[in-house]
Amino acid sequence: MRKILIPALLVPAALYATRALALDSGGTPVVVTPLASRTATASGQPITLPQKNVQVLVSTYDIAPGATLPVHRHPFPRYAYVEAGTLKVTNVETGNSNTYKTGDFIIEMIGQWHQATNIGDGPVKLLVIDQVEEGAKNTELRQ
């Protein structure tokens, strides 16, 4: 049994090493650091993608210390990586809040009213990725 188990473990390791070497054609190491792996939004909803003509939008946000974004919601998936700062996001429908810091990955709630506040001493810097139906906006402000 032990003789069969060792080769079975070595084959996936060898395949992984081959793929890593293929990425490293210039002789410089490539380091991949997983940041997130989730199937649900910040409020526990399953992540669902637009059904037609998907467009990916990428933007950066710089939020000043003490600034609060207006109450809003997103009809499509939005992902954000916190490059700097501390951001508190509150679901105004449930009152639940999450605080995100430098290095955190946010999968925003879909279709739920929420707002975000920079609760740190410095600016919050976000890298934001939206997946929308082509031509659509992904932020609706509450009137």
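Residues numbered from 1 in each chain as written. Predicted model: local features only at pLDDT ≥ 70, side-chain atom pairs only at ≥ 80, totals over all residues. Heavy atoms only, no water.

**A short note on the overall build of the protein**
What the protein contains, in helices and strands, is one helix and nine strands. Going from N to C terminus, the protein has its helices and strands arranged as α-β-β-β-β-β-β-β-β-β. Evaluated residue by residue, the protein yields a buried proportion of 26% over its 143 residues. Of the roughly 9500 Å² of accessible surface on the protein, 58% is carried by carbon and sulfur atoms. (Helix = DSSP H or I, 4+ residues; strand = E, 2+ residues; numbered from the N terminus. Buried < 20%, exposed > 50% of the residue type's maximum accessible area, 1.4 Å probe, protein only. Areas by Shrake-Rupley, 256 points an atom, 1.4 Å probe, with all protein chains shown as cover.)

**Section: a nonpolar patch on the surface**
Together, V54, V56 and V58 make up an exposed nonpolar region whose accessible area comes to about 270 Å². The exposure class assigned to V58 is exposed, which follows from its relative accessible area of 56%. (Patch = residues over 30% accessible without salt bridge, like charges linked within 9 Å, V, L, I, M, F, W, Y side chains within 5 Å. Salt bridge = Lys/Arg side-chain N within 4 Å of Asp/Glu carboxyl O.)

**Here's the deal with the confidence of the model for the protein**
Of all residues in the protein, 83% have pLDDT values of 70 or greater, and the mean over the chain is 85. Contacts from residues 1-22, a stretch scored under 50 in pLDDT, to residues over four places away or in other chains number zero contacts. (pLDDT = per-residue confidence, 0-100. Contact = heavy atoms within 4.5 Å.)

**Some points on the nonpolar core**
Buried together is how nonpolar side chains tend to be arranged in soluble globular proteins. In terms of nonpolar packing, the biggest core is built from 12 residues, these being I63, A80, V82, L87, V89, Y100, I106, M109, A116, V124, L126 and V128. Counting only elements with at least two residues in this core, the list comes to β3 (78-84), β4 (86-91) and β8 (124-133). Broken down by element, this core gets its largest block of residues, three residues, from β8. Once residues lying within four places of it in the same chain are set aside, the contact partners of I106 are R78, Y79, A80, V82, L87 and Y100. (Core = buried A, V, L, I, M, F, W, Y, C linked by side-chain atoms within 4.5 Å.)

**Some points on the environment of V92**
Within the secondary structure layout, V92 lies in the loop between β4 and β5 (97-101). For V92, a relative accessible area of 30% corresponds to the partly exposed category. Spatially, the C-alpha atom of V92 lies 8.1 Å from that of Q112, the residues being 20 residues apart in sequence.

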